Number of protein chains: 2
Amino acid sequence: MSFAPGPRRDRTASDGLLALLRNEFGEAAPSGQPRVLGELEQVQIPAAEPIAATVIEAAGGSEAFSDAHEDRVRHATGRSYPDLVRLRSGVLDQAPDAVITPAGPEAVAATLRACAASDVAVVPFGGGTSVVGGVAPLRGRRQAVISLDLARLQRVEVDRHSLTARLGAGLRGPEAEAALAADGLTLGHFPQSYQYATIGGFAATRSAGQASSGYGRFDDLVTGLSMQTPLGPVATLESPHSAAGPALRQLYLGSEGVLGVISEVTVRVRPVPARRRYEAWMIADFEAGREACRALAQSDLLPDVLRLSDPEETRIALASSTGGGLARRAFSAYLGLRGRRSGCMVIAGFEGSGERVADRRARAARVLRSHGAAALGKAAGVAWERGRFDAPYLRDTLLSIGVMAETLETAHTWSGLQNLYEEVGAAIRRALSDSGTPGLVMCHVSHVYRDGASLYFTVIAPQLGFEADDGGAAAIGPAIGQWSAVKSAAAAAILACGATITHHHAVGSDHSPYLSAEVGDRGMSALRALKASFDPAGIMNPGKLLS
Amino acid sequence: MSFAPGPRRDRTASDGLLALLRNEFGEAAPSGQPRVLGELEQVQIPAAEPIAATVIEAAGGSEAFSDAHEDRVRHATGRSYPDLVRLRSGVLDQAPDAVITPAGPEAVAATLRACAASDVAVVPFGGGTSVVGGVAPLRGRRQAVISLDLARLQRVEVDRHSLTARLGAGLRGPEAEAALAADGLTLGHFPQSYQYATIGGFAATRSAGQASSGYGRFDDLVTGLSMQTPLGPVATLESPHSAAGPALRQLYLGSEGVLGVISEVTVRVRPVPARRRYEAWMIADFEAGREACRALAQSDLLPDVLRLSDPEETRIALASSTGGGLARRAFSAYLGLRGRRSGCMVIAGFEGSGERVADRRARAARVLRSHGAAALGKAAGVAWERGRFDAPYLRDTLLSIGVMAETLETAHTWSGLQNLYEEVGAAIRRALSDSGTPGLVMCHVSHVYRDGASLYFTVIAPQLGFEADDGGAAAIGPAIGQWSAVKSAAAAAILACGATITHHHAVGSDHSPYLSAEVGDRGMSALRALKASFDPAGIMNPGKLLS
């Protein structure tokens, strides 16, 4: 059985991975014996509350309704670390009472109306890839809770002249790309969740893809959207820009299902690039790398993809198989030539016509070289591109042998970035050490702007309590406690630095305790007033964002 | 006396301008005898309501308070056509009861608190350049109304490393640029109101400058802001991006003083460009011009400034002195060479390093030529640049001889643009003809995006009723009636086309009847809920945006 978001099953941990873990964690390293998981049917969930017939009818009748055990389990979690730990234990203490899959936007609206009348909470469900508890089946003070699966919202309508496309919320990343490719177009939005996440989810969470500096974050790409609320539909004009008051589109974006269900999104699209060139560079240290990224952004020479790993992430990437043998050899050569023991890897990717790629690459290369960077060549870049969606699968492999792998991200101005990097890293290391395990804390700059950048931290440590019960139900408490200590330490450090609690993972339930520190009490009051205006019955995604 | 926003007085209409008007309007053309305006002290305004001592004290005492006649007149209007007609008549039926000029953000907050307690409406006042009734001294259901002049909010704090600047709301365009220039930086925000408009006003109205395709619209430039509300301050993080829920920054931007007073804004800035190159091109017709603009935008080759005039605007620009003698000769040569009688003028401006300007200009020129455009050379471009802030002064000159000059703007996708152009133009011509005057209706594309563009219409016609009373009080009714017919016909056509009621002039009081058609009833309810959350007493800028 695999709960990974896809067809691949847990992979057996490779000898290389196990050796790396032994090297890092010493005696605390896992044995490597994977926990044998039960089948989906064996996962225990609470009995379902009955759902009012009016809700089922509004949704479209029996073909839109399921309270089957497997469907309820599949909609009971997202992909956060606590979600995966609970799922693997075989015992879930919450699940939606039913899964409803309406045929179109009108059926969504009718379902919401009926749910408001019947005191049923609604959790919108796209790809189920939230890593912050965004699809947790919380009922709040409602009688029951349904998971509203948007898979049947599949509209595709391309405006080739304006280079925009109106897309149904239920289209997964690859489905949207396939539909656009028929017109020679691409959305260019490739977050790590791309293979499963949906258009509606991208909009509801302000997703940012790996090529965001070239194509734009998802919220940048949206020119209009429709949202179904318990009081009926709302829509924004499809317009390149408007000065007609506060930007309601920017209110619906990022609303994470607490105001309503985003049903359709109009996005800017681009011609499929004729050429892609991804390559890796090495640079002396994180500071030099950041300065190179800053120089590229501030001189309008940003590659479409730009990532900078810190020394620890660079070391691990090159020690593991992900970096590729060629990259490892190039890295060793780089260090040898310079008499250094460490460096930072940069991934730079350019897309477009052959001429533009060559021209932009040449200008950017000049900037990188002027900051002391050395090219490792295309092979390492290609290896990164090939493995760009692999991390979630690797995480499943690690989980199966009792290793916690968690990621968290933030952003700040260039002036605030070094302090943020140091403080958050130190806070995580302290939390791991306090909980009594060794750990790896790695970081990369993943999204680069003229005024600042995001920082993406990866934390890997032996899972507390795993060995005692082989990852079973008794292991949940210690594992979540360990995660929670890391998470809250990182959040406290982020807020103390005046940085955002999330650059692109969104708020969900995991970050909701910290939102008021970011937007202030009056900001929270405003958001609550807006929610009351669209959802007076309080049925929309309880416990998320504003809880 | 001049009510123009600046030191220049009404200029005498030149012989060329009068000949042009005679040519266009025939017997309906004005005689050219300017109405002699009275002094500011002679403008009649209503007696002032007393302002509570607690308000004056909260604002900072007598140095922050004035109920002098001249100050009240100066804060009684913006620069909309109805405002100017009324001001020139010498009789205003409304004026603020006092003008309050707090020393800093804390004094603003204290003033708002005191006003809420004393039932005093507050109209935030920056440069007073609103062309949509944004600073009209409306008291709504409050006892009295003050104009809150932000001129003393002058903070400047530059972060050279992050290329951002924190700027006080009261800084006028040239003041902000002068402060930034000391660090070799520029904001690059040059709307036509630039010489008088303020940072706070730019943010509150979602202003767009003439170089928006290069530097970004003002709302694009903002990375953080502080707003004082009757309940206290709110602020957003200064962050390159955040996925922490709905973007509150985007709700405060464009809020036009109905939620609170924007007191400070952090914006992205750029190094002052080493080189500027502005030039004019001619292209066969409006459709070919639009296609050239679309091609530039969709292939990432946009100049920093890009404008395309329709045949009528091109004809008038070249017939008047604004276009410059060289441009006229170049235009005639262009038409002669091609056996044509008309064409459309394109202004393209590039800024940056010498190398980047030359490179970008060469690529853009290839695209323009491939659409049949011919270069008129730099002289015409330089003439445009020199006259870029002149239109408001020309409008004053026209008003003084009884000619209405009004502008209005909208935006749409490329697919919707031709229909929008035709329908709005036809609606304005019909309204003018119905009111019994000839008229000139001109249009240009002023802001260009990948997915669409804005359309900026200029309407010039003999002012109804002017001759009867030489522009005095009895002439107000017919003049406003004529304007109102044009305005409502244009608005109806815009909304019928599914376009936005304003691309960058904002809503104010003039567009507020149309906002609900754009955002929908539920959007309006959300905006009202938002207002109630920040301004429960309803003192902030009554009658604007949400009226």
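Structure: above.
Predicted model, so just to flag it, every value in this text is computed and none were measured. (Residues numbered from 1 in each chain as written. Chains lettered and ligands numbered in written order. Predicted model: local features only at pLDDT ≥ 70, side-chain atom pairs only at ≥ 80, totals over all residues. Heavy atoms only, no water.)

Caption draft 1: View of the overall build of chain A. Within chain A, the secondary structure is distributed over 20 helices and 18 strands. For a compact globule of 547 residues, the expected C-alpha radius of gyration is about 24 Å, and chain A comes in at 23 Å, within 12% of that figure. Summarising its shape, the C-alpha atoms of chain A cover approximately 75 × 60 × 45 Å along the three principal directions. The proportion of buried residues among the 547 residues of chain A is 63%. Counting only contacts in chain A whose residues sit at least 6 apart along the sequence, the fraction spanning at least 24 positions is 78%. With an accessible surface of roughly 18,700 Å², chain A has 51% of that area assigned to carbon and sulfur atoms. Of the side chains in chain A, 54 bear a positive and 56 a negative charge, and the two mean positions are spaced by 6 Å. (Helix = DSSP H or I, 4+ residues; strand = E, 2+ residues; numbered from the N terminus. Rg over C-alpha atoms; globule rule 2.2 N^0.38 Å. Buried < 20%, exposed > 50% of the residue type's maximum accessible area, 1.4 Å probe, protein only. Contact = heavy atoms within 4.5 Å. Areas by Shrake-Rupley, 256 points an atom, 1.4 Å probe, with all protein chains shown as cover. Lys, Arg positive; Asp, Glu negative; His and termini not counted. Charge placed at Lys NZ, Arg CZ, Asp CG, Glu CD.)

Caption draft 2: Here's a closer look at the relation of the copies chain A and chain B. In screw terms, the move from chain A to chain B is a rotation of 180° and a rise of 0.0 Å along the axis, fitting with an RMSD of 0.0 Å. The superposition operator between the copies reduces to a two-fold rotation axis. When the interface residues of chain A are mapped onto chain B, 99% of them are again interface residues, pointing to one common binding face. (Least-squares fit on C-alpha atoms with pLDDT ≥ 70 in both.)

Caption draft 3: Representation of the sheet that holds strand 3 (residues 120–125) of chain A. Residue and element names in this part refer to chain A. Reading across from one edge, 1-2-4-3 is the order of the four strands in this open sheet, with mixed pairing throughout. The sheet is open, and its two borders are formed by strand 1 (65–66) and strand 3, each paired with just one other strand. Two strands pair when backbone bridges link them, and strand 3 and strand 4 (residues 144–149) are joined in this way by six bridges, in the parallel orientation. Within strand 4, the residue paired with alanine 121 across the bridge is valine 145. Here helix 5 (residues 105–118) sits on the sheet in contact with strand 2 (98–100), strand 3 and strand 4, set at roughly 175° to strand 4. (Pairing = 2+ DSSP bridges. Axes fitted to C-alpha atoms, helices over the stretch in contact; angles between N-to-C directions.)

Caption draft 4: Broad picture of the interface of chain A and chain B. The interface is formed by 84 residues belonging to chain A together with 83 residues belonging to chain B. Buried surface at the junction of chain A and chain B, summed over both partners, amounts to about 6,200 Å²; 56% is from carbon and sulfur atoms. Where chain A touches chain B, the interface holds eight salt bridges. Note that Asp300(B) and Arg270(A) form a salt bridge whose closest N and O atoms lie 3.0 Å from each other. (Buried area = accessible area lost by both parts, 1.4 Å probe. Salt bridge = Lys/Arg side-chain N within 4 Å of Asp/Glu carboxyl O.)

Caption draft 5: Geometry of the nonpolar core. Grouped together as the largest cluster of nonpolar side chains are 86 residues, with contacts concentrated most on Phe218(A), Val267(A), Phe218(B) and Val267(B). In terms of residue count, the dominant contributor to this core is helix 20 (residues 512–534) of chain A (eight residues). When neighbours within four sequence positions are excluded, Phe218(A) is seen to be in contact with Leu187(A), His189(A), Ile199(A), Phe202(A), Ala203(A), Ser207(A), Val265(A) and Val267(A). With 56 residues, the next largest nonpolar core counts Val424(B), Ile428(B), Leu432(B) and Val441(B) among its residues. (Core = buried A, V, L, I, M, F, W, Y, C linked by side-chain atoms within 4.5 Å.)

Caption draft 6: Examining the packing of helix 11 (residues 286–298) of chain B against helix 14 (residues 354–370) of chain B more closely. Residue and element names in this part refer to chain B. Where helix 11 contacts helix 14, the two axes come as close as 9 Å, and the packing angle between them is 145°. Regarding helix 11 and helix 14, the two cross each other, and that crossing is right-handed. In this structure, helix 11 contributes Ala292, Ala295 and Leu296 to the contact, and helix 14 contributes Ala364, Val367 and Leu368. Its residues placed into classes, the contact of helix 11 with helix 14 shows six nonpolar, no polar and no charged. (Left-handed = near helix turned anticlockwise from the far one by under 90°. Nonpolar A, V, L, I, M, F, W, Y, C, P; charged D, E, K, R; others polar.)

Caption draft 7: The pairing of strand 3 of chain A, seen in detail. Within strand 3 of chain A, six of the six residues are buried, leaving the element largely enclosed by the surrounding structure. Going residue by residue along strand 3 of chain A, you find Val120(A), Val122(A) and Pro124(A) tucked away on one face and Ala121(A), Val123(A) and Phe125(A) tucked away on the opposite face as well.

Caption draft 8: Layout of the pairing of strand 8 (residues 222–229) of chain B. Residues and elements named next belong to chain B. Counting buried positions over the eight residues of strand 8 gives eight, a clear majority of the element. Both strand 8 and strand 10 (residues 261–268) contribute to a ladder of six bridges, which runs antiparallel. For serine 226, the partnering residue across the bridge sits in strand 10 and is glutamate 264. Pairing of strand 8 with strand 9 (residues 232–235), which is carried by four bridges, proceeds in the antiparallel orientation. Looking at the pairing, threonine 229 lines up with glycine 232 of strand 9. Taking the residues between adjacent antiparallel strands as the criterion, strand 8 and strand 9 are bridged by two residues.

Caption draft 9: Quick peek at unusual backbone geometry. Backbone geometry places Glu256(A), a non-glycine residue, at a positive phi of 50°. Summarising the element assignment, Glu256(A) is placed in the loop between helix 10 (249–252) and strand 10 (261–268). With a relative accessible area of 8%, Glu256(A) lands in the buried category. Residue Leu163(B) is not a glycine yet carries a positive backbone phi of 50°. On the secondary structure map, Leu163(B) appears in the loop between strand 5 (156–159) and strand 6 (164–168).

Caption draft 10: Highlighting the sheet that holds strand 17 (residues 440–448) of chain B. All names here are of chain B. The strand order 15-12-14-13-17-18-16 describes an open sheet built from seven strands, whose pairing is antiparallel. Of all strands in the sheet, those bounded by a partner on one side alone are strand 15 (374–377) and strand 16 (403–413). Within this sheet the neighbouring strands show an average axis-to-axis angle of 25°, counted without direction. Bridge count between strand 13 (residues 305–309) and strand 14 (residues 344–352): four bridges; the pairing is antiparallel. Its bridge partner being in strand 14, valine 305 is matched across the sheet by glycine 349. In the packing of helix 17 (residues 414–434) onto the sheet, the strands contacted are strand 16, strand 17 and strand 18 (452–462), and the crossing angle to strand 18 comes to about 10°.

Caption draft 11: Quick look at helix 1 (residues 15–25) of chain B. Residues and elements named next belong to chain B. Those residues of helix 1 lying buried are Leu17, Leu18, Leu20, Leu21 and Phe25. The arc that holds the buried residues of helix 1, viewed along the axis, is 160°, so those residues lie on one side. Exposed positions of helix 1 whose direction lies more than 90 degrees from the buried face are Asp15 and Asn23. Buried-residue contacts for helix 1 involve helix 12 (311–319), helix 16 (391–400), strand 16, strand 17 and strand 18. Positive backbone phi, approximately 55°, marks glycine 26, located one or two places after helix 1. (Arc of directions from axis to C-beta.)

Caption draft 12: Structural view of the packing of aromatic side chains. For the coordinates displayed, the defined rule picks out eleven aromatic pairs over all chains. A centroid spacing of 6.5 Å and a plane angle of 20° characterise the contact between Tyr421(A) and Phe457(A), whose relative ring orientation is stacked. Of this pair, Tyr421(A) sits in helix 17 (residues 414–434) while Phe457(A) sits in strand 18 (residues 452–462), and the two are 36 residues apart along the sequence. Pair check on accessibility: Tyr421(A) and Phe457(A) agree, each one buried. An angle of 50° between the planes, with centres 5.4 Å apart, marks the rings of Phe202(B) and Phe218(B) as tilted. With a gap of 16 residues between them, Phe202(B) in helix 7 (residues 199–205) and Phe218(B) in helix 9 (residues 218–221) connect regions that are remote in the sequence. (Phe/Tyr/Trp six-rings, centres within 6.5 Å; stacked < 30°, edge-to-face > 60°.)

Caption draft 13: Spatial organisation of helix 20 of chain A. The end-to-end C-alpha distance of helix 20 of chain A is 20 Å, clearly below the 33 Å that 23 residues give at a rise of 1.5 Å each. Of all the bends in helix 20 of chain A, the greatest, near 105°, is centred on Gly520(A). (Expected span 1.5 Å × (residues − 1). Bend = angle between axes of the 7 residues up to and from the residue.)

Caption draft 14: Quick look at the side chain of Arg270(B). Following the sequence through the fold, Arg270(B) ends up in strand 11 (residues 270–271). Engagement of the side chain of Arg270(B) in a polar contact is seen with the side chain of Asp300(A), the distance being 2.9 Å. Residues in contact with Arg270(B), not counting those within four places in the same chain, are Asp300(A), Arg450(A), Gly184(B), Leu185(B), Thr186(B), Gly214(B) and Tyr215(B). (Polar contact = N/O pair within 3.5 Å; in protein donor to acceptor, adjacent residues only side chain to side chain.)

Caption draft 15: Main features of the environment of Leu231(B). You can see Leu231(B) is positioned in the loop between strand 8 and strand 9. When the C-alpha atoms of Leu231(B) and Ser533(B) are compared, they prove to be 9.0 Å apart, with 302 residues separating the residues in sequence. In contact with Leu231(B), not counting residues within four places along its chain, are Arg522(A), Ser533(B), Phe534(B) and Pro536(B).

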